[in-house]
Amino acid sequence: MPFPATPLARFGLFLVLFGAFTSVTLVTVSAADDPALDSIEASSTPKSREFGDFDVIPDLIPESGPVADATIDWTPAWFVTVGIVSVLTLIIGLKLNAFLALIISAILVSVLVGFDAGAGMGERMNAVVSAFGNSAAGVGIVIAMAAIIGKCMLDSGSADRIVRTAVDVTGEKKASLGLMISGFILAIPVFFDTVFYLLVPLARSLHRRTGKNYLRYLMAIATGGCITHTLVPPTPGPLLVAAILNVDIGMMMIVGAIVAIPSAIVGLAFSIYADHKSPIPMRPLGAHDDRHQPLDDEKLPGLFTSLLPVLLPVVLIGAGTLATTLADGEDRAAVLTTDVEDFDLLAQRFASATEKSPAGRLLASDQITEKQRQRLTRPAQNDVEQQAVVSIINRALLDPDYYSPEAFADVGIPPVAEKLMKTDQVRMKPVDRRRMNRALLDAAYPELIAAQRWDSPMRRTANSLGLWSNPNFALLLAALAAMLTFKIVRTLSWRELGVDVEESLMSGGVIILITAAGGAFGAMLSQTGIGDTIQQYFSGQSAAGIAILLLAWCVAAVLKVAQGSSTVAMIVGAGMIAAIMGGDEPPFHMVYVATAVGSGSLMGSWMNDSGFWVFAKMGGLTESEALRTWTPLLATLSIGGLITTIILSQIMPIAG
Ligand SMILES: O=C(O)[C@H](O)[C@@H](O)[C@H](O)[C@H](O)CO
């Protein structure tokens, strides 16, 4: 069959191949059925694996067990297909503006969901509007600030200064390697999208200097940024995957980085190839992008001043991430034996608890086994038994369904719990879930359990950095720094500066609209219930050895294609694979399962992914250009990560 000529046809081919690949992998893993796993599935073990302090995110864990194909509801998959076809037809086929196409498709999918669930159409429209709002809340200010930073850094010569200094050190040939390494390092503490915005001005400036390789520079940044975004904590995705699979964070950082390096090298090679094969010109981002002529070397701002808009947010956000990670590591919400006033009374309380009481809810937690449940109802005789009791309570406190209005009808809900109950439950860290439930438990039994001492010096440090390390605020400071440098270097009046800033905001505004619409579209795809369909489908699988790595990769990949966010694909995927494994230890360290999940979450990025739009629009690429550069680049990183994971798991299993 000849290679399809049009971008649409090529993307169609990609989806078909991806589907075929997924099916082949599934057949492979199903063939590796392990009878031992079947018996685990049939047994009465709890849904989660039995882990130490960092436990599974429970609501994402499906019941493990074979599911007959016939019982799976495929309707969501049809709705997602309609969404995919709609977006591609409108954007690529009819050349409709991306914002309009995404919003129309989001409404279409939302209405289909409404028909299916019998919800009112007005309600479904509101669902799109609020998903758009949520998504804009996440990206709006950051993109606006990044647009200002980008323009000011380019026009003040700051980007030029950084690039010249870097090129003097490394030589022009290694410029893309430098960008890749910068993206790689910066995306460890800072979310990928932000890293990309901050480095794009450097790619533009480099291109102005070398007159070539624009696409290569952009892809080099994406390569470094994406790979650590999904493999190396403390960025949220891999951090939560490690927590869910009970992998030590230090181990995840080391092995994640080891897996990331070869993938990044392959990604860079692919970037060079893609740029060589079909280079893409650097287009002006705004109408008057070329108003300011390039400056001579001696007029450029100093290196420190030039770097400030990039370093300031990275240092601030990084410090916040570090302090929060250290404070979370203290796990101050965990119950200690010294917190329990009277173990005998506690056992009595459990023994006489009704189903609809706070103690009864804890006993019913799906995080603990029947044996552990019974242990709670018997008095603890000595230190060892007391320790066992509090460990069981701590495990039970990870139950996402601990709170129920009937059980807590007579208990005043503490403000901490109330606040945490309103946050995004999917992305909630285990440490916060335990904090929420512990606050409820403390409120229910103040005479039995001492209140948690959440505040520690480290937590206070993290809290005091809260404002400064907030990406919106950190980027605002960076934008101010970039504006001031621009004003001074070009001796602009405030009014002139205002004109330039307004221009950058106009291009930023369009990007915010499109990215938020992409988010709304992804959210509507999620609301079809596709997550449940995927979960049901995969929970019928069982696998062992290398097949478990393939399965972990596949689960994350399918989730990524279906809903767009790598972070969500990783979190949900890790929960699903933990359930499928049902507590069984693989013949290698669990960290490899985690890196397989992280790698899978890069597969098949398309128009429901905010990263796709950030790359396309901040880089000045058309949608079809992004589909044939960004999408295969991430697929390369994904497959590279999987292969490296498999090889390492065999030659360096670190099991035991
Ligand atoms: O939720 C997320 O993780 C992000 O928004 C992603 O989708 C990334 O930006 C990108 O795709 C790189 O992995």
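See the structure above.
Let us look at the structure shown here. This one's a predicted model, so the numbers in the text were calculated from it and none came from an experiment.

### Concerning the side chain of T515
Inspection of the secondary structure assignment puts T515 in helix α21 (residues 494–527). With residues up to four places along the chain from it excluded, the contact list for T515 reads S135, V139, I143, S610, W613 and V614.

### So, the packing of helix α11 (residues 249–277) against helix α25 (residues 590–600)
Each packed pair of helices is defined by two parameters, the angle between the axes and the distance between the axes. The N-to-C vectors of α11 and α25 enclose an angle of 55°; their axes lie 10 Å apart at closest approach. Considered as vectors, α11 and α25 are oriented oblique to each other. Considering only the axes of α11 and α25, their crossing is right-handed. The segment α11 lies against α25, with M251, M252, V255, G256 and V259 engaging V591, Y592, A594 and T595. The residue inventory of the contact of α11 with α25, partitioned by class, reads seven nonpolar, two polar and no charged.

### Quick notes on the site of the ligand
Close to the ligand lie 15 residues, the nearest being D193, H229, S565, T567 and D609. Contact with the protein chains covers 97% of the free accessible surface of the ligand, which is 330 Å². Listing elements by their share of the shell around the ligand, those giving two or more residues are α8 (192–210), α9 (214–231), α24 (566–581) and α26 (610–619). Split into classes, the residues belonging to the shell around the ligand amount to five nonpolar, seven polar and three charged.

### Quick notes on the environment of M607
Relative to the assigned elements, M607 resides in the loop between α25 and α26. By relative accessible area, M607 is classed as buried at 0%. Through-space distance from the C-alpha of M607 to that of L627 is 8.6 Å; in sequence the pair is 20 residues apart. With sequence-adjacent residues up to four places away left out, M607 is seen in contact with V87, L88, I91, I92, L102, G518, F521, F612, W613, E623 and L627.

### So, unusual backbone geometry
Only a minority of non-glycine residues have a phi that is not negative, and only a minority of peptide bonds are not trans. Omega for the bond connecting P233 with P234 falls within 30 degrees of zero, at 10°, which places this linkage in the cis form. Here the phi dihedral of K95 falls at roughly 55°; this positive angle occurs in a residue that is not glycine. Mapped onto the elements of the fold, K95 is located in the loop between α3 (75–93) and α4 (98–117). For K95, a relative accessible area of 66% gives the class exposed.

### Quick look at the pattern of salt bridges
In this structure the tally under the stated criterion is 19 salt bridges. For R161, the salt bridge identified is with D297, shortest N-O distance 3.5 Å. Pair noted here: R161 is in helix α6 (residues 158–170) and D297 is in the loop between α11 and α12 (303–330), with a separation of 136 residues, a long-range link. With a shortest N-O distance of 3.0 Å, R349 and E447 are connected by a salt bridge. Here E447 lies in the loop between α18 (430–444) and α19 (457–464) and R349 lies in helix α13 (residues 343–351), a separation of 98 residues in the sequence.

### Considering α26
Taken across its ten residues, α26 has eight buried, putting it largely inside the fold. Along α26, the residues that are buried comprise G611, F612, W613, V614, F615, A616, M618 and G619. For α26, the capping residue at the N-terminal end is D609, with a side-chain oxygen 2.9 Å from the backbone nitrogen of G611. Directly after α26, the chain includes G620, whose backbone phi takes a positive value near 75°.

### Focus: α12
The end-to-end C-alpha distance of α12, which contains 28 residues, comes to 39 Å, matching closely the 40 Å that a straight helix rising 1.5 Å per residue would cover. Residue P309 marks the point of greatest curvature in α12, where the axis turns by about 50°. After α12 finishes, the residue D331 shows a positive phi value of roughly 45°.

### Re the environment of T194
With respect to the helices and strands, T194 occurs in helix α8. We classify T194 as buried; its relative accessible area is 7%. For the pair formed by T194 and S649, sequence separation is 455 residues and the distance between their alpha carbons is 32 Å. Setting aside its immediate chain neighbours within four residues, T194 contacts V142 and L475.

### Overview of the packing of aromatic side chains
As enumerated under the stated definition, the model contains 14 aromatic pairs in all. Consider the rings of F196 and F615, whose centres lie 5.6 Å apart with planes at 45°: the pair is tilted. Note that F196 is positioned in helix α8 and F615 in helix α26, a separation of 419 residues in sequence. Each member of the pair, F196 as well as F615, is classed as buried. By way of ring pairs, the aromatic residues F192, F196, F615 and W630 are connected into one cluster.

### Quick word on empty space enclosed by the protein
Taken as a whole and judged by the stated rule, the model has one cavity of 30 Å³ or more. Taken as a whole, the largest cavity spans an internal volume of roughly 30 Å³. Lining the largest cavity are L346, R349, F350, A359, L441, Y445, L448 and I449. Looking at the lining of the largest cavity, its residues break down into seven nonpolar, no polar and one charged.

About the thresholds
Residues numbered from 1 in each chain as written. Predicted model: local features only at pLDDT ≥ 70, side-chain atom pairs only at ≥ 80, totals over all residues. Heavy atoms only, no water. Helix = DSSP H or I, 4+ residues; strand = E, 2+ residues; numbered from the N terminus. Contact = heavy atoms within 4.5 Å. Axes fitted to C-alpha atoms, helices over the stretch in contact; angles between N-to-C directions. Parallel < 35°, antiparallel > 145°, perpendicular 65-115°, else oblique. Left-handed = near helix turned anticlockwise from the far one by under 90°. Nonpolar A, V, L, I, M, F, W, Y, C, P; charged D, E, K, R; others polar. Near = heavy atom within 4 Å. Areas by Shrake-Rupley, 256 points an atom, 1.4 Å probe, with all protein chains shown as cover. Buried < 20%, exposed > 50% of the residue type's maximum accessible area, 1.4 Å probe, protein only. Salt bridge = Lys/Arg side-chain N within 4 Å of Asp/Glu carboxyl O. Polar contact = N/O pair within 3.5 Å; in protein donor to acceptor, adjacent residues only side chain to side chain. Expected span 1.5 Å × (residues − 1). Bend = angle between axes of the 7 residues up to and from the residue. Phe/Tyr/Trp six-rings, centres within 6.5 Å; stacked < 30°, edge-to-face > 60°. 1 Å grid on protein atoms, 1.4 Å probe; cavity = no way out; pocket = protein on both sides within 12 Å on 5 of 7 lines; lining within 4 Å. Points joined across faces, edges and corners; volume = space filled by probe spheres on them.

Bear in mind that shape data such as this cannot, by itself, settle questions of function.
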